[in-house]
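# An overview of the molecular structure
In case you want the letters, here they are:
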Amino acid sequence: MDSLLLLVSLSLLGLLLLLFLIINGRKKLPYPPGPKGYPIIGNMTMMDQLTHRGLARLAAKYGGLLHLKMGSLHVVAVSTPEMAREVLQVQDGIFSNRPANVAITYLTYDRADMAFADYGPFWRQMRKISVTKLFSQRRAKSWASVREEVDSMVQTAMKKTGLLVEIGELVFSLTRNIIYRAAFGSVSHDGQDEFVKIMQEFSKLFGAFNIADFIPWLGWIHANEFNRRLARARESLDSFIDTIIDDHLARKRGNTEGKLDGVEVESDMVDELMAFYSEEGASATKKYVDDSHSGFKITRDHIKALIMDIMFGGTETVASAIEWAMSELMKTPEDLKKVQQELSDKVGLTRFVHESDLSNLTYLKCAIKETLRLHPPIPLLLHETVEDSVVSGYRIPTKSCVMINAYAIGRDPSAWEDPDTFKPSRFLNDGAPDFKGNDFEYIPFGSGRRSCPGMQLGLYALELSVANLLHCFNWELPDGMKPSELDMEDMFGLTAPRAGSTRCCAELST
Ligand code: HEM
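This structure is a prediction, so every number in the text was calculated from the model and none was measured. Along each chain, residue indices are assigned from 1 in the same order as the chain's sequence is written. This being a predicted model, a pLDDT of at least 70 is required before a residue's local features are given, and a value of 80 or more before pairs of side-chain atoms are given or counted; all residues contribute to the totals for chains, interfaces and linings. Values reported for side chains reflect all heavy atoms of the structure, with hydrogen atoms and water molecules removed beforehand.

## What about the coordination of the iron atom of the ligand?
Exactly one protein atom donates to the iron atom of the ligand; that atom is C452 (SG), 2.3 Å from the metal. Where helices and strands are cited, they refer to DSSP runs of H or I of at least four residues and of E of at least two residues respectively, numbered from the N terminus. By the element assignment, C452 lies in the loop between α16 (406–410) and α17 (455–472). The donor set covers N, O and S atoms within 2.8 Å of the metal, switching to 3.2 Å for Na, K and Ca, and it leaves out water, so a site may look short of donors.

## Observations concerning helix α15 (residues 362–374)
Every helix has an expected span of 1.5 Å times one less than the residues it contains. Its 13 residues place the ends of α15 19 Å apart at the C-alpha level, agreeing with the 18 Å of an ideal helix rising 1.5 Å per residue. Each residue is assigned to one of three classes by its accessible area relative to the maximum for its type, calculated with a 1.4 Å probe on protein chains only: buried under 20%, partly exposed between the two thresholds, exposed over 50%. Among the 13 residues of α15, ten are classified as buried, and the element is accordingly described as predominantly covered. Of all the residues in α15, the buried ones are Y363, L364, C366, A367, I368, E370, T371, L372, R373 and L374. Should any heavy atoms of two residues lie within 4.5 Å, those residues are considered in contact. Buried residues belonging to α15 abut α13 (316–331), α14 (333–346), α16 and α17.

## Quick notes on the site of the ligand
Around the ligand, a shell composed of 25 residues is seen, among which R98, W123, R127, H383 and C452 lie nearest. Here R98 contributes a side-chain N or O atom positioned 2.8 Å from an oxygen atom of the ligand. Within the backbone of G313, an N or O atom sits 3.3 Å from a nitrogen atom of the ligand. At the level of secondary structure, the elements contributing two or more residues to the shell around the ligand comprise α5 (121–134), α12 (300–314), α13 and β8 (380–384). No other element matches α12, which puts three residues into the shell around the ligand. Only Asp, Glu, Lys and Arg are considered charged, only Ala, Val, Leu, Ile, Met, Phe, Trp, Tyr, Cys and Pro nonpolar, and every remaining residue, Gly among them, polar. Grouping the amino acids of the shell around the ligand by side-chain chemistry returns 14 nonpolar, eight polar and three charged. Near is defined per residue: the residue qualifies when any heavy atom it owns lies within 4 Å of the molecule or strand. Throughout this description, a polar contact denotes any pair of N or O atoms lying within 3.5 Å of each other; where both atoms belong to protein, one of them has to be capable of donating a hydrogen while the other can accept it, and for residues adjacent in sequence the pair is counted only when both atoms sit in side chains.

## Re the sheet that holds strand β2 (residues 73–78)
Here, strands pair whenever DSSP counts at least two bridges between them. Read across the open sheet, the four strands follow the order β1-β2-β11-β8; overall the sheet is mixed. Unpaired on one side and paired on the other, β1 (65–70) and β8 mark the two borders of the sheet. Neighbour to neighbour, the strand axes of the sheet diverge by 25 degrees on average, direction disregarded. Both β2 and strand β11 (residues 401–405) contribute to a ladder of four bridges, which runs parallel. Bridge pairing in β11 places V76 opposite V402. Across the sheet, helix α2 (residues 52–62) lies against β1, β2, β8 and β11, angled at about 120 degrees from β1, the strand it touches most. A fitted line through C-alpha atoms serves as each axis, taken over the contacting stretch for helices, and the angle formed by two N-to-C directions is quoted from 0 to 180°.

## Here we look at the nonpolar core
One finds F184, F195 and W475 to be the most contacted residues of the largest nonpolar core, which totals 109 residues. For this core, the element with the most residues is α17, which contributes twelve residues. Residues contacting F184, with those up to four places away along its chain left out, are F195, F240, I241, I244, H248, D268, V270, I307 and M311. In terms of nonpolar packing, the next biggest core, distinct from the first, is built from 18 residues, V76, A406, I409 and F440 among them. Take the buried residues of types Ala, Val, Leu, Ile, Met, Phe, Trp, Tyr and Cys, join any two whose side-chain atoms come within 4.5 Å, and each joined set is a nonpolar core.

## Focus on the packing of aromatic side chains
Note on ring pairs: Phe, Tyr and Trp rings are taken, using the six-membered ring of Trp, and paired if centres are within 6.5 Å. Classes follow the plane angle, with under 30 degrees stacked, over 60 edge-to-face and the rest tilted. The final tally for this structure, using the stated rule, is 20 aromatic pairs. A centroid spacing of 6.0 Å and a plane angle of 50 degrees characterise the contact between W416 and F427, whose relative ring orientation is tilted. Separated by eleven residues along the polypeptide, W416 in the loop between α16 and α17 and F427 in the loop between α16 and α17 bring together distant segments of the chain. Taking the centre distance of 5.3 Å and the plane angle of 40 degrees together, the rings of F427 and Y442 count as tilted. Taken together, the positions of F427 in the loop between α16 and α17 and Y442 in the loop between α16 and α17 put the pair 15 residues apart, joining distant regions of the chain. Through a chain of ring-to-ring contacts, three or more aromatic side chains come together here, namely W416, F427, F435, Y442 and F445. Ring-over charges, as used throughout, are those where CZ of Arg or NZ of Lys falls within 6 Å of the ring centre and within 35 degrees of the ring normal. Across from the ring centre of Y106, 4.0 Å away, lies the NZ or CZ of R234, which sits over that ring. If you follow R373 out to its NZ or CZ, it ends over the ring of W416, 5.1 Å from the centre.

These figures capture arrangement, not role.
Here's what the structure looks like:
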């Protein structure tokens with residue numbers, strides 16, 4: 001008996017020693033290469049380089065896995081397909097949280113949404129609702145919103161025949177209309193301008209510099225002013241969406257489900273989310289409920305935060321991709337001609353392009369894939385480590401902010417021939433990379449657990465609008481401008497839209 005006890009004790013001791021050695025060994029491993037920083041502030045003087053272009057330049061010097069220290073925050077940039085596979089596939093469980101700064105945490109009602117929720121049971125439920133109830137092709141209303149709004153955009157452009165059209169403006173209003181209509185229903189269209197203002201303020205606050213995100217003990221410096229601005233922004237959203245939620249509740253309670261003033265109304269995304277809404281749970285705990293008795297129940301805050309995810313995820317991304325596709329095609333007239341020839345061959349010259357045509361438009365699809373390679377609308381995928389990890393022999397600590405540079409990866413010279421040139425034909429080849437998330441040299445929609453749940457809806461809007469804009473009109477650059485003179489600079493923000501405007505003259509082609 002004594003010898004058994006001794007054996008168990010020795011084994012336990014051995015196990016503890018092994019654990020200690022592993023943890024200590026990890027701590028001794030170096031961080032990935034990167035520029036040397038200063039005490040306390042680390043590399044904060046390089047803050048302006050935390051963009052897709054800045055990080056691509058640093059990666060050329062330090063390699064595909066780069067480490068920076070911004071105050072107390074560890075930042076790791078991933079810039080090659082191999083490293084992307086490592087964090088998005090091989091160790092995806094460890095890299096599947098999202099970083100959230102003070103502003104994001106507050107404006108998402110303490111991460112009550114899906115995009116900034118930590119990976120776990122709550123995120124999984126929200127993702128399930130989004131994929132099955134909101135973005136699925138079975139939810140005809142979202143897809144009908146795309147068709148109706150694309151038609152209406154073409155009508156708007158027709159009225160401007162012969163005049164200069166700002167393509168950016170045209171397509172931003174298209175995608176805002178699509179998502180607004182899918183989320184709130186066409187009956188709520190009136191408040192759209194107010195909602196756009198709220199979104200713009202959210203967007204500014206998400207990206208605003210706040211010292212508390214990097215050196216928390218200095219957070220008091222401009223806390224009052226910044227916090228007041230955050231509170232004002234969230235109050236505006238509260239009063240805006242609360243009214244919409246109340247209308248939906250009244251409709252449900254008034255036994256007029258699906259009807260407004262006796263007229264049939266199709267369900268919108270808020271209706272779908274109301275099916276999971278519980279007032280009791282909401283007021284008592286302000287938390288979601290997930291048990292066998294009630295099922296999954298969410299509060300108003302969850303609905304508001306999820307609606308904002310959809311607004312941010314679905315508007316700028318699609319609009320910037322449409323504008324880039326149009327600009328790249330205007331810059332390479334031979335490819336533009338091929339796309340337009342395909343449209344007249346496959347669709348004919350007497351009607352608009354329909355959903356059923358899209359599968360026949362091979363060259364158009366190649367042009368769109370090539371656009372997403374050169375200009376991924378979300379150029380930096382933001383992830384956070386759940387625990388300490390080791391990649392390629394380097395230590396990446398818990399809660400590091402991991403920026404996967406989809407822009408640099410899509411232009412990696414070891415993966416792509418002539419990487420900076422727009423060449424849609426490269427996607428004609430059998431075995432060309434696909435964006436579904438298994439080819440790590442091409443990840444415009446991300447890959448793995450946190451990849452884009454709105455991919456199908458986004459692609460549908462993107463393909464249908466570019467197809468109709470090119471099929472219904474011939475586009476001319478203004479004032480004798482040559483295609484080579486088109487400026488292809490981008491801006492950095494939540495997405496990377498064109499910096500300049502693409503102003504073209506639309507001439508009816510049918
Ligand atoms: C061309 C169109 C689009 C592109 C290129 C795009 C791209 C992306 C990317 C790169 C991510 C992050 C992936 C990662 O971190 O690994 C993402 C996430 C997300 N996208 Fe999209 N997206 C598009 C359209 C849409 C649309 C139409 C919606 C909704 C209507 C949407 C909703 C979301 C949401 C909610 C997330 C967060 C998912 C999560 O954290 O679990 N996206 N998208």
